[in-house]
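Per-entry structural report
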Amino acid sequence: MRPRTLDDYIGQKHLVGKDAVLRKMIESGHISSFILWGPPGVGKTTLAQIIAKRLDTPFYTLSAVTSGVKDVREVIERAQKGRFFNETSPILFIDEIHRFSKSQQDSLLGAVEKGVVTLIGATTENPSFEVIRPLLSRCQLYVLKSLEKEDLVMLLERALERDVYLKERNIRLEENGAILRYSGGDARKLLNILELVVDASATDEVVVTDEMVENTLQQNPLAYDKDGEMHYDIISAFIKSIRGSDPDAALYWMARMIEGGEDPQFIARRLVISAAEDIGLANPNALLLANAAFDTVMKIGWPEGRIPLAECAVYLATSPKSNSAYLAIDKALALVRQTGNQPVPLHLRNAPTKLMKDLGYSDGYKYPHDFTGHFTPQQYLPDALVGERIWQGQHSPSEEKLYERMVNYWGKRYE
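First things first, this report covers the structure right here in the doc.

Basis of the calculations
- Residues numbered from 1 in each chain as written.
- Predicted model: local features only at pLDDT ≥ 70, side-chain atom pairs only at ≥ 80, totals over all residues.
- Heavy atoms only, no water.
- Helix = DSSP H or I, 4+ residues; strand = E, 2+ residues; numbered from the N terminus.
- Buried < 20%, exposed > 50% of the residue type's maximum accessible area, 1.4 Å probe, protein only.
- Contact = heavy atoms within 4.5 Å.
- Areas by Shrake-Rupley, 256 points an atom, 1.4 Å probe, with all protein chains shown as cover.
- Core = buried A, V, L, I, M, F, W, Y, C linked by side-chain atoms within 4.5 Å.
- Expected span 1.5 Å × (residues − 1).
- Pairing = 2+ DSSP bridges.
- Right-handed = clockwise from strand over helix to strand, strands pointing away.
- Axes fitted to C-alpha atoms, helices over the stretch in contact; angles between N-to-C directions.
- Parallel < 35°, antiparallel > 145°, perpendicular 65-115°, else oblique.
- Nonpolar A, V, L, I, M, F, W, Y, C, P; charged D, E, K, R; others polar.
- 1 Å grid on protein atoms, 1.4 Å probe; cavity = no way out; pocket = protein on both sides within 12 Å on 5 of 7 lines; lining within 4 Å.
- Points joined across faces, edges and corners; volume = space filled by probe spheres on them.
- Salt bridge = Lys/Arg side-chain N within 4 Å of Asp/Glu carboxyl O.
- Left-handed = near helix turned anticlockwise from the far one by under 90°.
- Patch = residues over 30% accessible without salt bridge, like charges linked within 9 Å, V, L, I, M, F, W, Y side chains within 5 Å.
- Phe/Tyr/Trp six-rings, centres within 6.5 Å; stacked < 30°, edge-to-face > 60°.
- Lys NZ or Arg CZ within 6 Å of the ring centre and 35° of its normal.

Here the focus is the overall build of the protein. Regarding its fold elements, the protein presents 19 helices and 7 strands. Principal-axis analysis of the C-alpha atoms gives the protein an extent of 95 × 60 × 40 Å. For the protein, the proportion of its 415 residues judged to be buried stands at 40%. Within the protein, contacts between residues separated by at least 24 positions form 71% of all contacts whose residues are at least 6 apart in sequence. As displayed, the protein has an accessible area near 23400 Å², and 52% of this comes from carbon and sulfur atoms.

Dropping the structure here:
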């Protein structure tokens, strides 16, 4: 079922559709090195093979899982010896290039730069994290997307019409919802599921329904790699939904993580971070609730732990928001890096010995509790930073009260 031409290739219209960038490059007969980044089963290897056939050029394949530096150098040497003048550079296709170590990737640099080989890499992980910068700078990056519903339906119909084994069976696709859901946009998985369902049928006529697919597979249909790109994408969507005050979206992304088998402690930790970073002083109780949710999950475990996590997610999403503390500590850190080790004013220093007292340590310090309202103005910042503003109050009922108190204490400094 693997397509042999671009016209048979399903999906990725943004790359290989009419007048798309990759199609135009292929049709010109001259391609440069590039990396294909996308989820499993969307046609990365197929696309590389179509390109090699179209250009009629030698095609070498390495798998980063089984190949070492020696294998890379041997392929490069074979490509160099077998190439004639004015010939198109041989294509070296490396599947799962993100699994190559730094030294393995380094061994490719010279051959790619000199045009000894045209590199096509395929990866399911973000290349900016997994591919060394010198190699990435020598390659174009093309992003492949999960196959759309229309693409998957077309693939199913084509398989039933063309596959040698399937077309001999009397197969009727009555429902496709479950098979599309379980495939998760992965063409390879879709065809494997279809084959499993057909093989599981004992009758001559195979009527594919959602119930039949679910009974045959009996597994979690969700694609969720706890160490991969989707892990970071979904937790990012979760936190941004809380920050954006959308409890429905926050619960949806949390459910995706729960169904995918995410560690509940990871979810709870991120809720604590969000409470401090995004809700902050606008609702100080948020941090207390997030900590309580974390402790509760640790005590009661799973699956009941989903309830306090959901309670916390809804509370954080519906709370007023402030990132003033988050911005303030970052501003303070930047100020420290910029100004260096400023001396502590003498009146703020501790004076546990007579020598320190004689040197003026703690001399002139005013103990706030000795004054009305437990406050009296005095200098707390280093001399070089007097008057510097770091914390900026934001507009929420809770935080405005704090800001008003500072104005009453410090006057113009906070106005």
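Right, picking up where we left off after that structure.
Moving on to the nonpolar core. As a rule of thumb, soluble globular proteins bury nonpolar side chains together. Formed by 25 residues in total, the largest nonpolar core has its most connected members in Phe-238, Ile-242, Met-254, Ile-267, Leu-271, Leu-309 and Leu-316. For this core, the secondary structure elements donating two or more residues are α12 (229–243), α13 (247–259), α14 (264–279), α15 (285–300) and α16 (306–318). At 7 residues, α14 tops the list of elements feeding residues into this core. Those residues in contact with Phe-238 that lie beyond four places of it in its chain are Ala-250, Trp-253, Met-254, Met-257, Ile-267, Leu-271 and Ala-313.

In this model, helix α19 (residues 397–410) (14 residues) spans 20 Å end to end at C-alpha, consistent with the 20 Å of a helix rising 1.5 Å per residue. Phi turns positive one or two residues past the end of α19, at Gly-411, with a value near 65°.

The alternating pattern of strand β1 (residues 34–37) places Phe-34 and Leu-36 on one face and Ile-35 and Trp-37 on the opposite face, and all of these are buried. With 4 bridges connecting them, β1 and strand β4 (residues 118–123) associate as parallel partners. Across the sheet, Ile-35 pairs through a bridge with Gly-121, a residue of β4. As paired elements, β1 and strand β5 (residues 140–143) share 4 bridges and run parallel to each other.

What follows deals with the pairing of β4. Across the 6 residues of β4, 6 count as buried, placing the element largely inside the fold. Where burial is concerned, the two faces of β4 agree: the one with Thr-118, Ile-120 and Ala-122 and the one with Leu-119, Gly-121 and Thr-123 are both buried. Handedness of the crossover is the feature at issue here: the chain leaves strand β3 (residues 91–95), passes through helix α5 (residues 102–114), returns alongside β4, and the resulting connection is right-handed.

Turning next to the sheet that holds β4. One open sheet holds the 5 strands; their spatial order is β2-β3-β4-β1-β5, and the pairing between them is parallel. Of all the strands in the sheet, just β2 (59–63) and β5 have a single pairing partner and so form its edges. If you compare each strand with its neighbour and ignore which way they point, the axes differ by 20° on average. Pairing analysis gives 5 bridges linking β3 to β4, with the strands arranged parallel.

The geometry of a pair of packed helices is captured by two quantities: the angle between their axes and the separation between those axes. The N-to-C vectors of helix α10 (residues 187–200) and helix α11 (residues 210–217) enclose an angle of 90°; their axes lie 10 Å apart at closest approach. The orientation of α10 with respect to α11, classified from their angle, is roughly perpendicular. Of the residues in α11, those touching α10 at Ile-193, Leu-196, Val-197 and Ala-200 are Met-212, Val-213, Thr-216 and Leu-217. Residue classes in the contact of α10 with α11 are distributed as 7 nonpolar, 1 polar and no charged.

As a further point, take the layout of surface pockets. In this model, the second largest pocket occupies a volume close to 150 Å³. Lining the second largest pocket are Gln-378, Gln-379, Tyr-380, Leu-381, Val-386, Gly-387, Trp-410 and Arg-413. Of the residues in the lining of the second largest pocket, the class split is 4 nonpolar, 3 polar and 1 charged.

To continue, consider the pattern of salt bridges. As enumerated under the stated definition, the model contains 10 salt bridges in all. Its salt-bridge partner being Asp-106, residue Lys-102 comes within 3.1 Å of it at the nearest N-O pair. On the criterion of helical spacing, the pair formed by Lys-102 and Asp-106 is a turn pair, its members being 4 residues apart in helix α5. Accessibility expressed as a relative area gives 31% for Asp-106, which makes it partly exposed. Among the ionic pairs, Glu-174 bridges to Arg-172, the shortest N-O distance being 2.9 Å. For Glu-174, a relative accessible area of 47% translates into the label partly exposed. For Arg-172, a relative accessible area of 39% gives the class partly exposed. Three or more residues are tied together by salt bridges with common partners; here these are Asp-7, Arg-23 and Glu-27.

At their nearest, the axes of α13 and α16 sit 9 Å apart, and the two run at 150° to each other. The orientation of α13 with respect to α16, classified from their angle, is roughly antiparallel. Viewed along their axes, α13 and α16 form a crossing whose handedness is right-handed. On α16, the residues touching Pro-247, Leu-251, Met-254 and Ile-258 of α13 are Arg-306, Leu-309, Ala-310, Ala-313, Val-314, Ala-317 and Thr-318.

Let us look at the environment of Cys-312. Counting through the fold element by element, Cys-312 comes out in helix α16. When the C-alpha positions of Cys-312 and Ala-290 are compared, they lie 6.0 Å apart, and in sequence the two are 22 residues distant.

What follows is about a nonpolar patch on the surface. Judged by side-chain polarity, Tyr-365, Tyr-367 and Tyr-380 come together as a nonpolar surface patch covering roughly 310 Å² of accessible area. Structurally, Tyr-367 can be placed in the loop between α18 (354–358) and α19.

So, about the packing of aromatic side chains. Applying the stated rule across the entire model yields 6 aromatic pairs. An aromatic cluster is present here, built from Phe-375, Tyr-380, Tyr-409 and Trp-410 joined pairwise through their rings. The ring of Trp-410 has Arg-413 sitting right over it, with the charged end atom 4.9 Å from the ring centre.

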